[in-house]
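Commentary on secondary and tertiary structure
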Amino acid sequence: MSTPVQLYQHLVEKFRNYSTEELIHLNNEIVKSTGWGSSKGTFRTAILNTFSKRGIDLSLIIRREDGFTTVILAPVRLDENVLVPLS
């Protein structure tokens, strides 16, 4: 059985081969779905990490205030290299 860290590392490696459009579609499906528990969070974190490594601006969906980081749980679209929440 794999640990969350092993799953995360596996996903980051796998997502490296996905197109940006495929990752956006996968992100949007994940945020619309229910259930999954911690695996859902691991999947989304790996997707966001892959976007970040590609130099895509996540500033409209990730906010840092007073030492806390908040990630908006919303479908996104890419607009001039910036991920923009749809809702």
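Residues numbered from 1 in each chain as written. Predicted model: local features only at pLDDT ≥ 70, side-chain atom pairs only at ≥ 80, totals over all residues. Heavy atoms only, no water.

Looking only at helices and strands, the protein chain features three helices and four strands. Reading the protein chain from its N end, one meets helices and strands in the order α-α-α-β-β-β-β. The globule rule puts the C-alpha radius of gyration for 87 residues at 12 Å, and the 13 Å found for the protein chain is close to it. Principal-axis analysis of the C-alpha atoms places the extent of the protein chain at approximately 40 × 30 × 25 Å. By residue count, 34% of the 87 residues in the protein chain fall in the buried class. The contacts in the protein chain between residues at least 6 apart in sequence include a share of 55% that link residues at least 24 apart. In the form shown here, the protein chain has an accessible surface area of approximately 5700 Å², with 53% of it arising from carbon and sulfur atoms. (Helix = DSSP H or I, 4+ residues; strand = E, 2+ residues; numbered from the N terminus. Rg over C-alpha atoms; globule rule 2.2 N^0.38 Å. Buried < 20%, exposed > 50% of the residue type's maximum accessible area, 1.4 Å probe, protein only. Contact = heavy atoms within 4.5 Å. Areas by Shrake-Rupley, 256 points an atom, 1.4 Å probe, with all protein chains shown as cover.)

This paragraph deals with the pattern of salt bridges. Under the definition given, this model contains two salt bridges. Its salt-bridge partner being Glu-13, residue Arg-16 comes within 2.3 Å of it at the nearest N-O pair. Put simply, Arg-77 and Asp-79 hold a salt bridge, and the shortest N to O gap is 3.3 Å. Residue Arg-77 is classed as partly exposed on the basis of its relative accessible area, which comes to 39%. (Salt bridge = Lys/Arg side-chain N within 4 Å of Asp/Glu carboxyl O.)

As a further point, take the pairing of strand 4 (residues 82–85). As paired strands, strand 3 (residues 76–79) and strand 4 are joined by four bridges and run antiparallel to one another. Bridging across to strand 4, Leu-78 finds its partner in Leu-83. Joining the antiparallel neighbours strand 3 and strand 4 is a turn of two residues, in which Glu-80 adopts a positive phi near 50°. (Pairing = 2+ DSSP bridges.)

What the rule picks out here adds up to one aromatic pair. Seen in terms of ring centroids, Phe-15 and Tyr-18 are 5.1 Å apart; in terms of plane orientation they differ by 70°. Their pairing is edge-to-face. Accessibility expressed as a relative area gives 1% for Phe-15, which makes it buried. (Phe/Tyr/Trp six-rings, centres within 6.5 Å; stacked < 30°, edge-to-face > 60°.)

A few words now on the packing of helix 1 (residues 4–15) against helix 3 (residues 38–53). The geometry of helix 1 relative to helix 3 is characterised by a closest axis approach of 9 Å and an angle of 40° between their N-to-C directions. When the axis of helix 1 is compared with that of helix 3, the two are oblique. Regarding helix 1 and helix 3, the two cross each other, and that crossing is right-handed. Residues Pro-4, Leu-7, Tyr-8, Leu-11, Val-12 and Phe-15 of helix 1 touch helix 3, and the partners they reach there are Ser-39, Thr-42, Phe-43, Thr-45, Ala-46, Ile-47, Asn-49, Thr-50 and Lys-53. Residue composition of the contact of helix 1 with helix 3, grouped by class: nine nonpolar, five polar and one charged. (Axes fitted to C-alpha atoms, helices over the stretch in contact; angles between N-to-C directions. Parallel < 35°, antiparallel > 145°, perpendicular 65-115°, else oblique. Left-handed = near helix turned anticlockwise from the far one by under 90°. Nonpolar A, V, L, I, M, F, W, Y, C, P; charged D, E, K, R; others polar.)

Our focus in this paragraph is the nonpolar core. Of all hydrophobic cores here, the largest spans 19 residues; its most connected members are Phe-15, Ile-47, Phe-51, Leu-58, Ile-61 and Leu-83. If sequence neighbours within four positions are ignored, Ile-61 has contacts with Arg-44, Leu-48, Thr-70, Val-71, Ile-72, Val-76, Leu-83 and Pro-85. (Core = buried A, V, L, I, M, F, W, Y, C linked by side-chain atoms within 4.5 Å.)

In this section: the side chain of Thr-42. Assignment of secondary structure puts Thr-42 in helix 3. Overall, the relative accessible area of 13% leaves Thr-42 in the buried class.

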